[in-house]
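# A closer look at the structure
Now for the letters of each chain:
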Protein chains: 2
Amino acid sequence: MAEFDLIARIRERSRHAGIDDGVVLGIGDDAALLQVPAGHELVVTADTLNDGVHFPHATAPADVGWKALAVNLSDLAAMGARPAWCTLSLSLPGDDPAWLDAFLDGFLELASIHRIALVGGDTTRGPRSIAVTALGVVEAGRALRRDHARVGDDIWVTGTLGDAAAALALGGHLPWPEAAGGGVPGADAGNTADPAGSAFLAERLARPRPGVAAGRQLPGLAHACVDISDGLLADLGHVCACSGTGAQVDVDALPASVALRTLLEPRASCASPPLAAARRECMRAFQATGGDDYELCFTASPSRRDAVAAALGGIGVDATRIGRIVATPGVHALTADAAPWQAPHRGYVHFG
Amino acid sequence: MAEFDLIARIRERSRHAGIDDGVVLGIGDDAALLQVPAGHELVVTADTLNDGVHFPHATAPADVGWKALAVNLSDLAAMGARPAWCTLSLSLPGDDPAWLDAFLDGFLELASIHRIALVGGDTTRGPRSIAVTALGVVEAGRALRRDHARVGDDIWVTGTLGDAAAALALGGHLPWPEAAGGGVPGADAGNTADPAGSAFLAERLARPRPGVAAGRQLPGLAHACVDISDGLLADLGHVCACSGTGAQVDVDALPASVALRTLLEPRASCASPPLAAARRECMRAFQATGGDDYELCFTASPSRRDAVAAALGGIGVDATRIGRIVATPGVHALTADAAPWQAPHRGYVHFG
């Protein structure tokens, strides 16, 4: 399958998706022509996934396609932008139309949800790699930035944290420790798996749902915003460094899914104090430092607590206050009993 | 060198370049914020270079950086756009700050010439691969497209053709057959090598100079335009397919550099008819089917011949009429004696 056949296939499937807002000229010329709405700024981000680095080689191609777009949409979400267009640069080692079609299934499924049009890119021969550039629009002057946090702000996160890190650690191989029932507080709206099962965590890792709707509620409410792709403390560190502030975070107040709690919360069946402590530490590490969550972390004035809760609650997104912005530089993590908490070394998160 | 160090290095060097037209927020947030000028459309293209596929592993990193941007700028040129911003997704196998710095030397040198700002991207671990997305702007409704060629149009090309294919075939290993002097008709304006020497051809391959200035002269003059990256006949085929036309091309009228003519034109020292014929065929193949030229091919009404020559001549760009758009589908190549010319198989272009 030559490059032109691949491009023709991508073009045909992309056209079939029928998304063409602002597209003057799509795939097929030297470049695409796009119309940014008047009074709006253009928002641009680029993220790449490499085989064996960002996903295991055996990952289902539809999941690779979904995630390659999701990580970029999450960056647009963190700016408060509306997704509009994207390009896809796809390197593939050989002719594999079945892989490409399945990849496009996932990519275009998510594109359709967020009405983002695939308008260009290229296909090349090489080790499997997916480079996406996503373009969005936001009303001029209304974008969310990292550098506008203010001392005294609340720190909020959307959804739940630590699920992806737990799924990565489970690796799809460990048996699920025990079944659990119960409600679904904070469950990912689009996640169709049993909210208390390991499949829920696996789907959080494989098919992250970018917080586009949440991000669009936040201009005018939030002061600073970032997506949690590198882990909460690391990404919050970026906000503080850019804003010239520090942050205090309660690591035991971080929102956890039913599935994560089922997996790691101390419980009767493992009541020995050392085991309970190990589980708690593991959970803290997953939640505070595990990457790949793609939730939003934002800061807002305490006077806007009700407005934030109403705006996000109105679209079915849970948001949790987890700390506050302080003047002392650095990110200070504290446990429920106000003791400083030290993030473990990276290797720690591989538990067994 | 971790990802953040790499990004910090790229950010620092990019800032130093001092290009910030329309950049509200550059590298360092989840995404960049950009201001498209009123009354303009956004032009977007993405092209990737992979190590060992698009350039030999030993290629000077500064040349890789230059070319990775050049191939994208050439696409913007073919749309008649003004380059504005770009993203860079860089996969590197390991820590090699010296390679990165040299790569940025070439990338940012060309970026500076065309005043295109590097506003985002990412660095990942993986086989060496460079994915660039370039953004430009063009007055609304004025972009050059592939699908607007009209029967009766002249077909033009800028600059000279076949140099890159010859350099690729020479591979930097073959000795230069003989020295030659003379004028520099059609020589690439920025190419600093001896216009009759093999280094001239090598530089045409390693550091193509995108026809941005030429492209910006053509809206209102040209009907259709494409960049010659896949080879003249192939790219002209795209124009014809998109426009519902055919084309007739005189392969012996294609503009050749002094260096290419020195290399391949039949001359006294090899006057035997079979050798002369082989040289002529080789030259035709390089010029008509060799890729990587990054010149522009465009069509325009015969009534605009003087206007085209004046517009391009005014900025020091040579343009040559090489055929015309016809109603019969397909690209019909003819020799000077009006015989049909058949493009050789791809392997043919490796002469020795």
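Criteria and thresholds
- Residues numbered from 1 in each chain as written.
- Chains lettered and ligands numbered in written order.
- Predicted model: local features only at pLDDT ≥ 70, side-chain atom pairs only at ≥ 80, totals over all residues.
- Heavy atoms only, no water.
- Least-squares fit on C-alpha atoms with pLDDT ≥ 70 in both.
- Contact = heavy atoms within 4.5 Å.
- Helix = DSSP H or I, 4+ residues; strand = E, 2+ residues; numbered from the N terminus.
- Buried < 20%, exposed > 50% of the residue type's maximum accessible area, 1.4 Å probe, protein only.
- Lys, Arg positive; Asp, Glu negative; His and termini not counted.
- Salt bridge = Lys/Arg side-chain N within 4 Å of Asp/Glu carboxyl O.
- Pairing = 2+ DSSP bridges.
- Axes fitted to C-alpha atoms, helices over the stretch in contact; angles between N-to-C directions.
- Phe/Tyr/Trp six-rings, centres within 6.5 Å; stacked < 30°, edge-to-face > 60°.
- pLDDT = per-residue confidence, 0-100.
- Polar contact = N/O pair within 3.5 Å; in protein donor to acceptor, adjacent residues only side chain to side chain.
- Right-handed = clockwise from strand over helix to strand, strands pointing away.
- Buried area = accessible area lost by both parts, 1.4 Å probe.
- Nonpolar A, V, L, I, M, F, W, Y, C, P; charged D, E, K, R; others polar.

### With respect to the relation of the copies chain A and chain B
For the pair chain A and chain B, the relating rotation is 180 degrees, the translation along its axis is 0.0 Å, and the fit reaches an RMSD of 0.0 Å. On this basis, the relationship between the two copies can be described by a two-fold rotation axis. When you check the interface residues of chain A against chain B, 100% turn up at the interface there too, and the contact is symmetric in its surfaces.

### Notes on the side chain of Glu41 of chain A
Following the sequence through the fold, Glu41 of chain A ends up in strand 3 (residues 40-50). It turns out Glu41 of chain A is buried and unbridged, and the closest side chain with the opposite charge, Arg145 of chain A, is 7.1 Å from it. In this structure Glu41 of chain A touches Gly136, Val137, Val138, Glu139, Ala140 and Gly141 of chain A together with Val24, Leu33, Leu34 and Gln35 of chain B, once residues within four positions along its chain are discounted.

### What about the sheet that holds strand 4 (residues 82-92) of chain A?
With mixed pairing, six strands are arranged side by side in an open sheet as 5(A)-4(A)-6(A)-3(A)-2(B)-1(B). Each of the sheet's edge strands pairs with one partner strand only, and the pair in question is strand 5 (117-125) of chain A together with strand 1 (23-25) of chain B. Taken over all neighbouring pairs, the strand axes of this sheet differ in orientation by 20 degrees on average, direction set aside. Here two bridges tie strand 1 of chain B to strand 2 (residues 32-34) of chain B, and the two strands are oriented antiparallel to one another. Residue pairing across strands places Leu25 of chain B opposite Leu33 of chain B, the latter belonging to strand 2 of chain B. Docked against the sheet, helix 2 (residues 61-78) of chain A engages strand 3, strand 4 and strand 6 (129-139) of chain A, running at close to 145 degrees with respect to strand 3 of chain A. Its contacts with the sheet put helix 3 (residues 97-114) of chain A on strand 4, strand 5 and strand 6 of chain A, and the angle it makes with strand 4 of chain A is roughly 170 degrees.

### Focus: the packing of aromatic side chains
If you walk through the whole model with that rule in mind, you get six aromatic pairs over all chains. Seen in terms of ring centroids, Phe103 of chain A and Phe107 of chain A are 5.9 Å apart; in terms of plane orientation they differ by 25 degrees. Their pairing is stacked. Of the two residues, Phe103 of chain A and Phe107 of chain A are both situated in helix 3; the distance of four residues between them amounts to about one turn of the helix. Taken as a pair, Phe103 of chain A and Phe107 of chain A share a single burial class, namely buried. Ring plane angle 15 degrees and centroid distance 5.3 Å describe the contact between Trp99 of chain B and Phe103 of chain B, whose orientation is recorded as stacked. Taken together, the residues span about one helical turn, with Trp99 of chain B and Phe103 of chain B both in helix 3 (residues 97-114) at a distance of four residues. Here the two residues Trp99 of chain B and Phe103 of chain B agree in accessibility, since each one is buried. Ring-pair connections join several aromatic residues into one group, and the members of that group are Trp99, Phe103 and Phe107 of chain A.

### Looking at the confidence of the model for chain A
All names here are of chain A. Per-residue confidence for chain A averages 89 on the pLDDT scale, and 89% of its residues sit at or above 70. Contacts for the low-pLDDT stretch residues 173-187, under 50 throughout, to residues beyond four places or in other chains number 27 contacts. Every residue in residues 346-352 is under pLDDT 50, and counting partners more than four places away or in other chains gives twelve contacts.

### Brief notes about the sheet that holds strand 10 (residues 296-300) of chain B
Residue and element names in this part refer to chain B. The six strands are arranged 8-10-7-11-9-12 in an open sheet whose pairing can be described as mixed. With one partner strand each, in any of the chains shown, strand 8 (224-227) and strand 12 (330-334) form the two edges of the open sheet. On average, each strand axis in the sheet is tilted by 25 degrees relative to the strand beside it, whichever way the strands run. Set on the sheet, helix 10 (residues 305-313) makes contact with strand 7 (154-158), strand 10 and strand 11 (319-326); between it and strand 7 the angle comes to about 10 degrees.

### Description of the pattern of salt bridges
Residue and element names in this part refer to chain A. Using the criterion set out here, one finds 38 salt bridges over all chains in the structure. Between Asp154 and Arg305 there is a salt bridge, with its nearest N and O atoms 2.7 Å apart. Here Arg305 lies in helix 10 (residues 305-313) and Asp154 lies in strand 7 (residues 154-158), a separation of 151 residues in the sequence. Take Arg305: its relative accessible area is 31%, and that puts it in the partly exposed class. Among the charged side chains, a network of salt bridges with common partners joins Arg9, Glu12, Arg13, Asp101 and Asp105.

### Overview of the side chain of Ser243 of chain A
Residue and element names in this part refer to chain A. Among the secondary structure elements, Ser243 is positioned in helix 7 (residues 232-243). Among the residues examined, Ser243 registers a relative accessible area of 17% and is labelled buried. Within polar-contact distance, the side chain of Ser243 engages the backbone nitrogen of Ala149 at 3.1 Å. Once residues within four sequence positions are removed from consideration, Ser243 is found in contact with Arg146, Asp147, His148 and Ala149.

### Points about the pairing of strand 5 (residues 117-125) of chain B
Residues and elements named next belong to chain B. Summarising burial for strand 5: seven of the nine residues are buried, a large majority. As paired strands, strand 4 (residues 82-92) and strand 5 are joined by eight bridges and run parallel to one another. Considered in strand 5, the bridge of Leu88 is made with Gly121. In this fold, strand 4 hands off to helix 3, which returns the chain to strand 5; that crossover is right-handed.

### A word on the interface of chain A and chain B
Counting residues at the interface gives 49 residues for chain A, matched by 49 residues for chain B. A combined buried area of about 3,900 Å² lies between chain A and chain B, and 54% of that area is made up of carbon and sulfur atoms. Counting every contact that joins chain A to chain B gives four salt bridges. Among the salt bridges present, the one from Arg146 of chain B reaches Asp29 of chain A, with a minimum N-O distance of 3.6 Å. Sorting the residues of the side of chain A that touches chain B by element identifies strand 1 (23-25), strand 2 (32-34), strand 3, helix 2, strand 4, strand 5, strand 6 and strand 8 (222-227) of chain A as the ones contributing at least two each. Considering every element that reaches the side of chain A that touches chain B, the biggest residue donor is strand 3 of chain A, with ten residues. Taken together, the residues of the side of chain A that touches chain B break down into 23 nonpolar, 15 polar and eleven charged. Where strand 2 of chain A lies against strand 3 (residues 40-50) of chain B, three bridges are found, and the strand directions are antiparallel. Within strand 3 of chain B, the position partnered with Leu34 of chain A by the bridge is Leu42 of chain B.

### Things to note about unusual backbone geometry
Residues and elements named next belong to chain A. Positive phi outside glycine occurs at Arg115, with the angle close to 50 degrees. If you trace the backbone, Arg115 turns up in the loop between helix 3 and strand 5. The backbone phi angle of Asp292 is positive, close to 70 degrees, even though this residue is not glycine. Relative to the helices and strands, Asp292 resides in the loop between helix 9 (273-289) and strand 10 (296-300).

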